[in-house]
Amino acid sequence: MSGLRRGVVAVHGLWRPGGAGHQPRALGCAVVAALTLLGLDVAFSVLLDLRSARVATNLVSVAAQFAAAVACFWTARWVRGAERRWRVLVGLTATGAVVASLAIVPTLLAGDLPHRQGMSPGYAVFLSLYGVALAGLLSVPTDPVDDRGGSAGRRRRGAYRWYAITLLDCLLIAGSLVLLQWGTVLSAVVQTGPDIRPFRLALTHQGAGLILATAVVLIASFRRPRAPATLALLGTGLLAYGLTTNIISYVAAEHGFHLPPWGLIGFAFAFLLIFLAAFVPVPTPTPPEGPAPPGPRVMWAHSALPYVALTAAGLLILCKLATGARLDRFETYGMITLLVLALLRQMVTLAENTRLLAEIRERERQLHHQAFHDPLTGLANRALFTHRLQRALTQGTDSDATRAPADGTVSVLFLDLDGFKRVNDAFGHSVGDELLQISADRLRAETRAIDTVARLGGDEFGVILDGGGPYDPRRIGERLATAIQAPCLLAGRPYTPHASLGLVTLDSAAHRPATPDILIHQADLAMYAAKREQAGGLVIYQPEMPTPTHHPGRPGQP
């Protein structure tokens, strides 16, 4: 039992999932095994006769597919998340390839070719796994080149949108390429060929293989892989598979699938690369810093690439129609399908642009709010307070300004918390911030929506009172003084705040010039008079009030 345990530990030690910068021994062994299988494949295709070579190369492909499946499932045991997901999906694809390859072994041993019996169950299983392979490729951990972080939910929604866009792009590009090949070469070859059945099978594989190859190109061009070596091996393997199926389409159309054994080496090569990709060390997760956001050319290329292929296919169809040639069913239905996919792609793009525009507007709104509001209390800051006071004095109307009072009365209240520095020194700045928030909430609760409450800096607050009439500024100021100085709990302890308030009112009968700085300064003088009285109340500004000798950093002064 202990010997078995030591053996398992030794095998696990060959591959370390967290081995960033460390080359595991398992990868070296995998490279040797892959080169050995590839050498056998080449030797069998060259040295054996046609019938034996087909069987031998097919068995080598089975070995490569089986090795890829085992490697993916084995390494998936030691990883989590997306690293495990792509290994499981690609492992399922390799398993399906094993089933498909084994299903044709009896036919090859009998000296026949698979296409003559129609599409075998093994091929049907494998065709259904092209989607699994694509899902595995898209699951390889990558980041957008313009990634700037964000919440987990936002990143997850962005990944889903990328999946949808990439899938549509793959279908558009691969479908356009197949249609181009059909219109230029394949249709004429098929019409003169002896049997169309093998070509239909090969063309199905070609379209699916091109979708995988297109996904590889898109990911490599417009994504940032977290493990570049993994994506390079896995992507190159799937790309080799797609190119091999693409070549077989021509051979099947012209020669009835009489493919020489060396033509199948691409399949073994593809799965051997996938086999190696499973052993690449998983890098240690790092924050997605990466390069700078992509330039306009890269973004334009990403958006235009699917439509370039579609335009080429469309021009071919238009040229045929212009010359009076008739379109066959494949060209007609193929073009209609591509146009429907392009419409879906445009709808997704429109939804994406709408979302981005909404995010930009929300960001602008937040930046505007931050520029004119205090981040701690949420009240207006000095800039917005001065702006609204200027509007009130000039009786302007603006959606961003306080509505001008009907009788021309403008009142400014200046408030300073007494003993605020002692609170900070005794209990810390966090408790001082709590007192500021309590005071801000009380001022907001005791004023009207048409009034403006602002934090002017430190422990100083200002209020613009709109209008006179039934709303007496003096009574409002006294109510605010009472509310501010009501007992409260500060850091879980009873505390009674103290404040000094100064009020100045400029009514319609006043003909002297007034500016926001003058009114704030006058309210400040009244506040200092209240502070000198040490009564914690409200003082109304009088012209004969003296200027305090110690007056640093007051509002309205530099």
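Every chain begins its residue count from 1, and numbering advances along the sequence as written. Only residues with pLDDT of at least 70 get local features here, since the model is predicted, and only at 80 or more are side-chain atom pairs given and counted; chain-wide, interface and lining totals rely on the full set of residues. Heavy atoms from the whole structure form the basis of all side-chain values; hydrogens and water molecules are not counted.

Account for the overall build of the protein chain, with residues named and values stated.
By the criteria applied, helices consist of DSSP H or I runs no shorter than four residues and strands consist of E runs no shorter than two, each listed in order from the N terminus. Across its full length, the protein chain holds 18 helices and nine strands. Taken across its 558 residues, the protein chain has 46% of its residues classed as buried. The criterion used for residue contact is that any of the two residues' heavy atoms lie within 4.5 Å. The long-range fraction of contacts in the protein chain, counting pairs at least 24 apart against all pairs at least 6 apart in sequence, stands at 75%. Of the accessible surface of the protein chain, which amounts to about 28,200 Å², a share of 63% is contributed by carbon and sulfur atoms. Burial classes: relative accessible area under 20% of the type maximum marks a residue as buried, over 50% as exposed, and values in between as partly exposed (1.4 Å probe, protein chains only). Exposure was quantified through the Shrake-Rupley algorithm and a 1.4 Å probe, taking into account, for residues, occlusion by the shown protein chains and nothing else.

I'd like a description of a nonpolar patch on the surface, backed by residues and values.
Like-charged residues are merged into a patch within 9 Å and nonpolar side chains (Val, Leu, Ile, Met, Phe, Trp, Tyr) within 5 Å, provided each residue has over 30% relative accessible area and no salt bridge. Take a side-chain nitrogen of Lys or Arg and a carboxyl oxygen of Asp or Glu: if they are within 4 Å of each other, that pair is a salt bridge. Among the surface-exposed residues, Tyr 333, Ile 336, Val 340, Leu 343, Leu 344 and Met 347 lie close enough to one another that they form a single nonpolar patch of about 610 Å² accessible area. Considering the arrangement of structural elements, one finds Ile 336 in helix H13 (residues 329-372).

So, the packing of helix H16 (residues 429-445) against helix H17 (residues 473-484): which residues are in play, and what are the values?
Lines fitted to C-alpha atoms define the axes here, with helix axes fitted over just the stretch in contact, and angles between the N-to-C directions of these axes take values from 0 to 180 degrees. Between H16 and H17, the shortest axis-to-axis distance is 9 Å and the interhelical angle comes to 145°. Judged by the twist between their axes, the crossing of H16 over H17 is right-handed. For the pair formed by H16 and H17, the contact residues are Ser 439, Arg 442 and Leu 443 on the first element and Leu 480, Ala 483 and Ile 484 on the second. Gly is put with the polar residues, along with every residue not named as nonpolar or charged; the nonpolar set is Ala, Val, Leu, Ile, Met, Phe, Trp, Tyr, Cys and Pro, and the charged set is Asp, Glu, Lys and Arg. In terms of residue class, the contact of H16 with H17 is made up of four nonpolar, one polar and one charged. Each crossing is labelled by how the near helix is turned from the far one, with a counterclockwise turn of less than a right angle marking it left-handed and a clockwise turn marking it right-handed.

So, the packing of helix H15 (residues 420-427) against H16: which residues are in play, and what are the values?
Two elements in contact, H15 and H16, have axes whose closest approach is 7 Å; the angle formed by their N-to-C orientations is 140°. In terms of orientation, H15 and H16 fall into the oblique class. Judged by residue contacts, Phe 420, Val 423, Asn 424 and Phe 427 of H15 engage His 429, Val 431, Gly 432, Leu 435 and Leu 436 from H16. Within the contact of H15 with H16, the residues separate by chemical class into six nonpolar, three polar and no charged. Oblique is the label for any angle not under 35 degrees, not over 145, and not in the 65 to 115 range, which are roughly parallel, roughly antiparallel and roughly perpendicular in turn.

Go over the sheet that holds strand S3 (residues 410-418) with me, naming the residues and quoting the values.
A sheet is described by the order of its strands in space; here five strands give the open sequence S4-S5-S3-S8-S9, paired in mixed fashion. The open sheet has two edge strands, strand S4 (452-457) and strand S9 (538-540), and neither has a second partner. The mean angle between the axes of side-by-side strands here comes to 20°, regardless of whether they run parallel or antiparallel. By this definition, two strands are paired if DSSP reports at least two bridges between them. Relative to strand S5 (residues 460-466), S3 runs antiparallel, the two being bridged by seven bridges. Across the sheet, Leu 415 pairs through a bridge with Phe 461, a residue of S5.

Which residues make up helix H18 (residues 516-533), and what are the values?
A helix's residues, less one, multiplied by 1.5 Å, set its expected span. An ideal rise of 1.5 Å per residue puts 26 Å on 18 residues; H18 measures up with 26 Å between its terminal C-alpha atoms. For H18, the complete set of buried residues consists of Pro 516, Leu 519, Ile 520, Gln 522, Ala 523, Asp 524, Leu 525, Ala 526, Met 527, Tyr 528, Ala 529 and Ala 530. Elements that come into contact with the buried residues of H18 comprise helix H14 (382-394), S3, strand S8 (498-506) and S9. Once H18 finishes, Gln 534 follows within two positions and takes phi at roughly 50°, a positive value.

Lay out the packing of aromatic side chains in plain terms, naming residues and giving numbers.
Any Phe, Tyr or Trp ring, taking Trp's six-membered ring, that has another such ring centre within 6.5 Å forms a pair; planes under 30 degrees apart are called stacked, those over 60 apart edge-to-face, and the others tilted. One pass over the structure, following the stated rule, counts seven aromatic pairs. Aromatic side chains Tyr 130 and Tyr 241 sit 6.0 Å apart centroid to centroid with 55° between the ring planes, which places their arrangement in the tilted category. Of this pair, Tyr 130 sits in helix H7 (residues 130-139) while Tyr 241 is found in helix H10 (residues 228-255), placing the two residues 111 residues apart along the sequence. An identical accessibility class is assigned to Tyr 130 and Tyr 241; each is buried.

How would you explain the pattern of salt bridges if you had to name every residue and give the values?
Tallied over the entire structure, the rule returns 15 salt bridges. For Asp 169, the salt bridge is made with Arg 345, and the minimal N-O distance between the two is 2.6 Å. Pair noted here: Asp 169 is in helix H8 (residues 152-192) and Arg 345 is in helix H13, with a separation of 176 residues, a long-range link. Under the relative-accessibility criterion, Asp 169 is labelled buried at 0%. For Arg 345, a relative accessible area of 5% puts it in the buried group. Between Arg 474 and Glu 478 there is a salt bridge; the shortest N-O distance is 3.4 Å. Of this pair, Arg 474 and Glu 478 both sit in helix H17, separated by four residues, roughly a single helical turn. Arg 474 gets classed as partly exposed once you look at its relative accessible area, which sits at 42%.

Give a description of the pairing of S5 that names residues and reports values.
With seven of its seven residues buried, S5 lies for the most part within the structure. Covered by surrounding structure in S5 are Glu 460, Gly 462, Ile 464 and Asp 466 together with Phe 461, Val 463 and Leu 465, the residues of both alternating faces. Taken together, the five bridges between S4 and S5 define a ladder with antiparallel strand orientation. Across the sheet, Thr 452 pairs through a bridge with Ile 464, a residue of S5. The antiparallel pairing of S4 with S5 creates a hairpin that spans two residues between the two strands, and Gly 458 there sits at a positive phi of about 60°.

Describe in detail the environment of Tyr 241, supporting the description with residues and values.
For Tyr 241, a relative accessible area of 9% corresponds to the buried category. Sequence separation between Tyr 241 and Leu 210 is 31 residues, and the spatial gap between their C-alpha atoms is 8.9 Å.

How would you sum up H7? Please name residues and give values.
Of all 10 residues in H7, seven are buried, a share of seventy percent or more. Along H7, the positions that sit buried rather than exposed are Tyr 130, Ala 133, Leu 134, Gly 136, Leu 137, Leu 138 and Ser 139.

Quick one: what's the story with the confidence of the model for the protein chain, residue by residue and with numbers?
In the predicted model, the protein chain carries a mean pLDDT of 78, and 75% of its residues have values of at least 70. A residue's pLDDT is simply how confident the predictor is in it, with values from 0 to 100. Averaged pLDDT values over the elements of the protein chain bottom out at 41 in helix H1 (residues 2-14) and peak at 93 in S4. Overall, residues 1-14 carries pLDDT values under 50, and its contacts beyond four positions in sequence, including any with other chains, amount to seven contacts.

Which residues make up the side chain of Asn 381, and what values go with them?
Mapped onto the elements of the fold, Asn 381 is located in the loop between H13 and H14. For Asn 381, a relative accessible area of 16% corresponds to the buried category. Polar contacts here mean pairs of N or O atoms no more than 3.5 Å apart (in protein, one a potential hydrogen donor and the other a potential acceptor; neighbouring residues in sequence count only if both atoms are side-chain atoms). A distance of 2.9 Å separates a polar side-chain atom of Asn 381 from the backbone oxygen of Ala 371. Reaching out from Asn 381, the side chain makes a polar contact with the backbone nitrogen of Leu 384 at a distance of 3.1 Å. Ignoring any residue separated from it by four or fewer positions in sequence, one finds Asn 381 in contact with Ala 371, Phe 372, His 373, Asp 374, Ala 454 and Arg 455.

Lay out the nonpolar core in plain terms, naming residues and giving numbers.
Formed by 58 residues in total, the largest nonpolar core has its most connected members in Leu 137, Leu 234, Leu 238, Phe 271, Ile 274, Phe 275 and Phe 279. At the level of secondary structure, the elements contributing two or more residues to this core comprise helix H2 (25-47), helix H3 (50-76), helix H4 (81-103), H7, H8, helix H9 (197-222), H10 and helix H11 (265-277). Per-element accounting of this core gives the leading share, 10 residues, to H9. Among the buried residues, those of types Ala, Val, Leu, Ile, Met, Phe, Trp, Tyr and Cys that are joined through side-chain atoms within 4.5 Å form a nonpolar core.

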